[in-house]
Amino acid sequence: MPASSYAVDAFGRRHIGTTPDDHQRMLEVVGHASVDALMAAAVPTSIRMGEVLSSAVPAAATEREALAELRDLAAQNTVRTSMIGLGYFGTVTPAVIQRNVLENPSWYTAYTPYQPEISQGRLEALINFQTMVEDLTGLDIANASMLDEGTAVVEGMLLARRASKSASNRFVVDADALPQTLALLRSRAEAVGIELVEVPLAERFGSGDGDADVSEPVSELGEHFGVFVQYPGASGRVWNPSALIAASKAQGALAVVAADLLALALITSPGELGADVAVGTSQRFGVPMGFGGPHAGYMAVRKGLERQLPGRLVGVSVDASGAPAYRLSLQAREQHIRREKATSNICTAQVLLAVMASMYAVYHGPRGIRYIATEVAGKASLLAGWLEEIGQTVRHDAYFDTLSVVVPGLAKNVVARARELGVHLWQADEATVQVSVDETTTLDDLHAVVRAFGGPEERDLGVGVALDANALPAALRRTSSYLQHPVFNTHHSETQMMRYLKTLADRDYALDRGMIPLGSCTMKLNAATEMQAVTWPAFADLHPFAPEADVVGSLGMIEQLESWLAEVTGYDTVSLQPNAGSQGELAGLLAIRGYHRANGETERDVCLIPSSAHGTNAASAVLAGMRVVVVATDELGNVDLDDLRAKVAEHADRLAALMITYPSTHGVYEHDVVEVTQAVHDAGGQVYVDGANLNALLGFARFGDFGGDVSHLNLHKTFCIPHGGGGPGVGPVAAKAHLAPYLPGHPMAQRADHAGGVTHDGGPVSAAPYGSPSILPISWAYVRMMGADGLRDATAAAVLAANYVAARLREHYPVLYTGENGLVAHECILDLRPLTAATGVTVDDVAKRLVDYGFHAPTMSFPVAGTLMVEPTESEDLAELDRFVDAMIAIKAEADAVGRGEWPAEDNPLHNAPHTAESVVVGEWTHPYTREQAVYPVRSLVRNKYWAPVRRIDQAFGDRNLVCACPPVEAFA
Ligand SMILES: *Cc1c(COP(=O)(O)O)cnc(C)c1O
C-alpha cells in the first residue's frame, strides 16, 4: 500500500478491527471474492439501496476534527447555576468516581450481568445501590435501577394496579407532583385505561404543614386502586401523608411515594409513613444533570410485593462450592420469557449511573450524606430568611431544599433578572417562582437570588451563619438510621475508594479484556474520543428545563443527530427522547395507536408479533394498550408467511400493527420482508420494525424503504454508546411523516420542532425532553468520524466477521439459520442441541467453559433454547476472532471426550467450569483431568488469564432464598 493512502488519523481504521488484508483471508474461508460480492449475496436485492447514503451524513472527520466541532457546539451552550430543581440538582461528582467509574472502560464497557460469574464486581456495586435505596426509603426490597423518576412513577402506578385487590381503575395523583411526572402519568394511564384523579393532596388531606391530621375524610376520593404522593412536593412543601396513606390503604389501595433520596437523610422515610412503593431518582448522588440524563431511577417495595418489581433485582446466592455469590434474580432474567405477561418492558436500565450513585454513598457514608442534606436544608432556610427580610412571601413553612416564593404578576421578571445574574430559577406560574438549593449552591448564588427578588446589591451575607435544617417539621424529623453496613463506613479516604473500585472492576469481564460476542447486543468499540465530551461541563451541567437560549449547542447537536439517523434509516423524523430500546418500542407503538385513533379507527388494537421476537416487544405492546397475537416462525427461522396472512385476515378490522425485527432475531436477512410489510399495509395496519439489528443494514438498506412506518434504534448497540453494565441506553424512535404528530413531545421541551421541520405532539415517554442527552455526543461523534462510507464499511466488516465465524465453526456446531444463499447477517446462531443430545454437555457448560478460556459467553438460549448466538461486530480484530473460534473448537473436543466416556458426565472441565484459582490450588485435586487442563487449556492463558472470582452460581437456589441487600461481611470471610 502506498504510504500516502495510509491516513494515520482516519477513525474508521481504528474502529474496524479487521484490515483489508484480513478481509481477503476471511473471504477465502467464507467463499466470496470480495466484500462487495459478499454483501451483494447476503442482502436481498429487493431491499438493497441503490446508491450510498446521500449528503445528509457528511464525509468522515478525523478524531481531532470531530472534537473541535463538538467543542464549537459546547461553546454555544451557557452554563448558569441551576436552581430550577424539579428532580434535577447540581451535585459534586467525586473526582475519584468520575475517573474510576464514569471514565473507566472496565465499568462502562461491561454488559448486563446475566453471566454472574464474570460480573461479581458490578453486582456488588448494584447490591450496594439496592441497600442504599432500601435504607433511605425504609422499604424492604429495591431493584437495581429504573430509567428515570417519571417513568418509575408510571411503573409504580402499574404495579399498584397489578397488586391491588381493588377492582377500581382510578389512580389518585398528587397535584403537587413534578410537572414532567404528571405529563407522563397522563399519557401512559390513558393508553392502558387508567383514570387519573388529580388532587391537591396536602391541601385537602393535611391540615397544615407537617401536620398528620386529615382535614377531609379520604372516602371523599371515592374508590381507587392506588394513591401517589410526591414527597417533598414539587412546590417544596414537606407534609405528613401518613394518615392519608393509611386511610387509602384501608380501602384496598396501594400507596406510591416519589421521594427525594437526599431529603430522606433528614425526614421520615416513605416506609415509615406506610408507603408500599417508593420511587424516585438518584441523580443528586453524584451524577451530573447532563441536560436530563442519564441517571438511575429507583424503586423499592415492601415485603410481599417483590415478585411485582419491574427491572432487575440483585441477590446473594451461592456458587458450586457453597460460597456466597451475587446474581440477578431469575424473575429479572425471565422477563424476556414472560413476554406479554412480563411485569414491565424494562430491559436496559441505568446500571452505570446506579453504580455511581451507590459509590457516592459508599464514599460519603451516612455521616457525609447527612451532612450534605443538612447543609442543603440549611442554605434553603437561610435563603428563606433573607427573602422574608426583604418582604417576600415564602409559601410553605415546611420545606427541605425548595422554596415557592409568591410574587403576583412578577414571576417572569424575577426569573429573567436572576438569569442575568447567572442563576436559573423556575417560574411555576404567573405568581410563583421556585428556588431549589443543592450541594453546589454557594452563598454568592443565594445573594444573586435575593437580588433577583429586589434585595440589595451589597450585602455581607453568610458571615457566621450556622446552617441548620430548621424548616423541617419536628414530627417528620428522621430518627431511624441508614447506611450502617460496613461498605458505607469503610472507603472514605480517596486511596481506599480508588482501591475498592479497582477491586470490583478486576472481578469483572468487560470489553477492555476481550471480545463479548453477544448476539443481539452489538458489543462494539466505545471509542475514547466518542466518550470525551460526556463529562465536559458545557454538556454535563445543563438542567433539562434550562431556557432555549442557554442550550443552543446541545439542541444543534441533537438536531444533527436526528437528521443523520433519519437519513440512514429512511424515515422522515426522529425523536431521541426514549432512554432505552424498550421505551423506543413503546413510543413507536403509542404513535401507531395515536394515528389510528386520529383516523377514527379506535378499535385497532391487535399487535402481531413473531414468536421469535425479543421479549420487550410483547411487553411494550401491552403497555401501549394493545393485544398481542403471535405469528409462527417457519422451519427456516423466518416469519411464516401463510400464518401471517391468516392472522392478518383473522384480525383485519382490528389490526393495529406488526412488530418485526430486521434482520430477524435469528440473524438472517429474510427475503420475504417486502411481502410481509405489504400484507400488513393492505389490511390497514402499520409496520413497526425493531431496529436493534441495524448493525447489519446501515448503508445497505433502510427500514423506511422496505415498508417500515416506525422503528426504534439502539444507540447503545449500533451507535457506540457503551452498555455500562446494563445501561444507560438511548432508543430513538424514527418514523414516517404521517406518524410524526404522535411521537413523544414534552411540556418542557425547549423547541417543538424536530429535524425535518415537524413537531412531535404525543405524550412524553421520558422525564426529560431529550431523554439522555449527555451521552448523545458519543453517537454524534461515531457518525461524524465514520461518515457515510465508514458506516457502510462497518456494516460489511460486521457481516463478514459473523460469516467468518459461522464458516469456521460450522463443522463443529451447526449454524441454525442462514439466508437463501447460505449466509448469515451480522450474527449467527450455533445449535448446541445435537451436542447436548450426544454428550450431555449443555449450553450452560459451554458458556461457563468459555470463561476459563478468557471469553464472555455469547447470548444463551435466545431466541432459540439450547443455542448460542454469536455477534462478533466489526470492532474485533482477526486474531481475537480466531482466538474465539479456536476456543469453541477446543471446547467441542472436550465435549466429545465427555461423550466418549473419557470423563464422567458429572466431573469434567465443562461441568465444573468456571474454575477459580482457589479451586485448583486449595485442597486435594481429585478430578479426572489435570489442573493445567482446568485453567490453562491453551498456552496463551498463562500470561493473560482472567480469573473468575467465584465458581458456577447455583440457579436452583431460587429467588425466594435470595437476600437482596448487602450481606454481612462475615459471609465472605
Ligand atoms: C436490545 C434489544 C431490545 C431492547 O433494547 P433495550 O435498550 O435493552 O430496552 C429490543 N429488541 C431487540 C431485538 C434487542 O436486541
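Rules used throughout
- Residues numbered from 1 in each chain as written.
- Predicted model: local features only at pLDDT ≥ 70, side-chain atom pairs only at ≥ 80, totals over all residues.
- Heavy atoms only, no water.
- UniProt positions renumbered as here; feature names shortened; annotations may be inferred.
- Helix = DSSP H or I, 4+ residues; strand = E, 2+ residues; numbered from the N terminus.
- Rg over C-alpha atoms; globule rule 2.2 N^0.38 Å.
- Contact = heavy atoms within 4.5 Å.
- Areas by Shrake-Rupley, 256 points an atom, 1.4 Å probe, with all protein chains shown as cover.
- Near = heavy atom within 4 Å.
- Polar contact = N/O pair within 3.5 Å; in protein donor to acceptor, adjacent residues only side chain to side chain.
- Nonpolar A, V, L, I, M, F, W, Y, C, P; charged D, E, K, R; others polar.
- Salt bridge = Lys/Arg side-chain N within 4 Å of Asp/Glu carboxyl O.
- Buried < 20%, exposed > 50% of the residue type's maximum accessible area, 1.4 Å probe, protein only.
- Pairing = 2+ DSSP bridges.
- Axes fitted to C-alpha atoms, helices over the stretch in contact; angles between N-to-C directions.
- 1 Å grid on protein atoms, 1.4 Å probe; cavity = no way out; pocket = protein on both sides within 12 Å on 5 of 7 lines; lining within 4 Å.
- Points joined across faces, edges and corners; volume = space filled by probe spheres on them.
- Domains from an automatic or database assignment.
- Right-handed = clockwise from strand over helix to strand, strands pointing away.
- Phe/Tyr/Trp six-rings, centres within 6.5 Å; stacked < 30°, edge-to-face > 60°.
- Lys NZ or Arg CZ within 6 Å of the ring centre and 35° of its normal.
- Parallel < 35°, antiparallel > 145°, perpendicular 65-115°, else oblique.
- Left-handed = near helix turned anticlockwise from the far one by under 90°.

The chain has the name Glycine dehydrogenase (decarboxylating) in an unreviewed UniProt entry, where Agromyces intestinalis is given as its organism. The record held by UniProt for the chain lists under Catalytic activity (unreviewed entry) the comment "N(6)-[(R)-lipoyl]-L-lysyl-[glycine-cleavage complex H protein] + glycine + H(+) = N(6)-[(R)-S(8)-aminomethyldihydrolipoyl]-L-lysyl-[glycine-cleavage complex H protein] + CO2". Quoted verbatim from the Cofactor (unreviewed entry) field of UniProt, the annotation for the chain is "pyridoxal 5'-phosphate".

Undergrad: Describe the overall build of the chain, naming the residues involved and giving the relevant values.
TA: Helix and strand counts for the chain come out as 30 helices and 27 strands. Computed over its C-alpha atoms, the radius of gyration of the chain comes to 28 Å, within 12% of the 30 Å expected for a compact globule of 973 residues. Based on the C-alpha atoms only, the size of the chain along its principal axes is roughly 85 × 70 × 65 Å. Once local pairs closer than 6 in sequence are excluded, the contacts in the chain between residues at least 24 apart make up 76%. About 31700 Å² of surface is accessible on the chain, with carbon and sulfur atoms providing 49% of the total.

Undergrad: Can you lay out the site of the ligand for me, pointing to particular residues and giving the numbers?
TA: Looking at the ligand, there are 15 residues lining it, with Thr348, Ser520, Asp690, His716 and Lys717 nearest. The separation between an oxygen atom of the ligand and a polar side-chain atom of serine 520 is 2.6 Å. The element that contributes the greatest number of residues to the shell around the ligand is helix α21 (residues 581-598), accounting for three residues. Of the residues that constitute the shell around the ligand, the class distribution is three nonpolar, nine polar and three charged.

Undergrad: Talk me through the pattern of salt bridges; I want residue IDs and the actual numbers.
TA: Pairs can form between side chains of opposite charge whenever their charged atoms are close. A full pass over the atoms with the stated rule returns 37 salt bridges. The residue lysine 502 makes a salt bridge to aspartate 506 at a minimum N-O spacing of 3.3 Å. Taken as a pair, lysine 502 and aspartate 506 lie in helix α17 (residues 494-506) at a separation of four residues, close to a single helical turn. The partner of arginine 627 in a salt bridge is aspartate 605, and the shortest N-O contact between them spans 3.6 Å. Placement of arginine 627 in strand β18 (residues 627-631) and of aspartate 605 in the loop between α21 and β17 (606-610) is noted, with a sequence separation of 22 residues between them. Looking at arginine 627, the relative accessible area reads 37%, which means it is partly exposed. We classify aspartate 605 as buried; its relative accessible area is 15%. One network of salt bridges, in which partners are shared, links Arg80, Arg419 and Asp550.

Undergrad: Could you give me a rundown of the sheet that holds strand β4 (residues 195-199), with the residues and numbers involved?
TA: Taken in spatial order, the seven strands line up as β2-β8-β7-β6-β5-β3-β4 in an open sheet, and their pairing is mixed. Edge positions in the sheet fall to β2 (141-142) and β4, since each of these pairs with one other strand and no more. The pairing of β2 with strand β8 (residues 297-301) spans two bridges and is classified as antiparallel. Each bridged residue has a counterpart across the sheet, and for alanine 142 the counterpart in β8 is alanine 300. Together, β2, β7 (277-281) and β8 form the strand contacts of helix α7 (residues 120-137), whose direction differs from that of β8 by roughly 60 degrees. Lying over the sheet, helix α8 (residues 149-163) contacts β3 (170-174), β4, β5 (226-231), β6 (254-259), β7 and β8, oriented at roughly 170 degrees with respect to β6.

Undergrad: Which residues make up the sheet that holds strand β26 (residues 859-860), and what values do they have?
TA: Read across the open sheet, the three strands follow the order β25-β27-β26; overall the sheet is antiparallel. The outermost strands of the open sheet, each flanked by one partner alone, are β25 (828-831) and β26.

Undergrad: How would you summarise the layout of surface pockets if you had to cite specific residues and measurements?
TA: Looking at the second largest pocket, its volume works out to about 750 Å³. Lining the second largest pocket are 39 residues, and of these Ala323, Pro324, Pro949, Val950 and Phe972 sit closest to its centre. Of all the secondary-structure elements, those providing two or more residues to the lining of the second largest pocket are α7, β10 (324-328), α17 and α29 (917-921). Here the lining of the second largest pocket is composed, by residue class, of 20 nonpolar, 13 polar and six charged. Both domain 1 (79-513) and domain 2 (791-959) contribute no fewer than three residues apiece to the lining of the second largest pocket.

Undergrad: Quick one: what's the story with the UniProt feature "domain: Glycine cleavage system P-protein N-terminal" (unreviewed entry) in the chain, residue by residue and with numbers?
TA: On the UniProt side, "domain: Glycine cleavage system P-protein N-terminal" (unreviewed entry) is annotated at positions that read residues 13-453 and 471-756 here. Between the C-alpha atoms that bound residues 471-756 the distance is 50 Å, and the span itself is 31% helix and 12% strand.

Undergrad: For the pairing of β3, give the residues involved together with the corresponding values.
TA: In terms of burial, β3 is a largely internal element, four of the five residues being buried. In this fold, the crossover linking β3 to β4 by way of helix α9 (residues 179-191) has right-handed handedness.

Undergrad: Account for the packing of aromatic side chains, with residues named and values stated.
TA: This structure, assessed with the given rule, holds 18 aromatic pairs. A centroid spacing of 6.0 Å and a plane angle of 70 degrees characterise the contact between tryptophan 903 and tyrosine 929, whose relative ring orientation is edge-to-face. Of this pair, tryptophan 903 sits in the loop between α28 (878-899) and α29 while tyrosine 929 sits in the loop between α29 and α30 (931-935), and the two are 26 residues apart along the sequence. Pairwise contacts between aromatic rings join Tyr88, Trp426 and Phe545 into one cluster. Residue placement shows arginine 284 over the ring face of phenylalanine 89; its charged tip is 3.7 Å from the ring centre. Positioned over the ring face of phenylalanine 700 is arginine 792, at 4.1 Å from the centre of the ring.

Undergrad: Which residues make up the side chain of threonine 91, and what values go with them?
TA: Within the secondary structure, threonine 91 is located in the loop between β1 (81-82) and α5 (95-102). By relative accessible area, which is 14% here, threonine 91 ends up buried. A distance of 3.0 Å separates a polar side-chain atom of threonine 91 from the backbone nitrogen of glycine 286. In this view, threonine 91 contacts Gln283, Arg284, Phe285, Gly286, Val287, Pro288, Tyr360, Glu439 and Thr440; residues no more than four positions away in its chain are not counted.

Undergrad: Give me the packing of helix α4 (residues 63-75) against helix α25 (residues 776-809): which residues, what numbers.
TA: Interhelical geometry of α4 versus α25 gives an angle of 135 degrees and a closest axis separation of 10 Å. Taken as axis vectors, α4 and α25 run oblique relative to one another. When the axes of α4 and α25 are compared, the crossing they make is right-handed. Across the interface between the two elements, Glu63, Ala66, Glu69, Leu70 and Leu73 of α4 pack against Pro777, Trp780, Ala781, Arg784 and Met785 of α25.

Undergrad: So what about the UniProt feature "modified residue: N6-(pyridoxal phosphate)lysine" (unreviewed entry) in the chain? Which residues, and what values?
TA: Look at the UniProt record and you will see "modified residue: N6-(pyridoxal phosphate)lysine" (unreviewed entry) annotated at Lys717. Within the secondary structure, lysine 717 is located in the loop between β21 (710-712) and β22 (733-735). Residue classification places lysine 717 among the buried residues on the basis of a relative accessible area of 10%. The contacts of lysine 717, once residues within four sequence positions are left out, are Ser520, Cys521, Thr522, Lys524, Ala692 and His723. In this structure the side chain of lysine 717 is engaged in a polar contact, spanning 3.1 Å, whose partner is the backbone oxygen of serine 520.

Undergrad: Tell me about unusual backbone geometry, and name the residues and values.
TA: Residue proline 728 is bonded to the preceding glycine 727 through a cis peptide linkage, with omega at 20 degrees. Counting through the fold element by element, proline 728 comes out in the loop between β21 and β22. The residue after phenylalanine 862, namely proline 863, is reached through a cis peptide bond having omega 0 degrees. Mapping proline 863 onto the fold places it in the loop between β26 and β27 (867-870). One non-glycine residue, phenylalanine 291, lies in the positive phi region at around 65 degrees. For phenylalanine 291, the location among the structural elements is in the loop between β7 and β8. On the accessibility criterion, phenylalanine 291 (2% relative accessible area) is buried.

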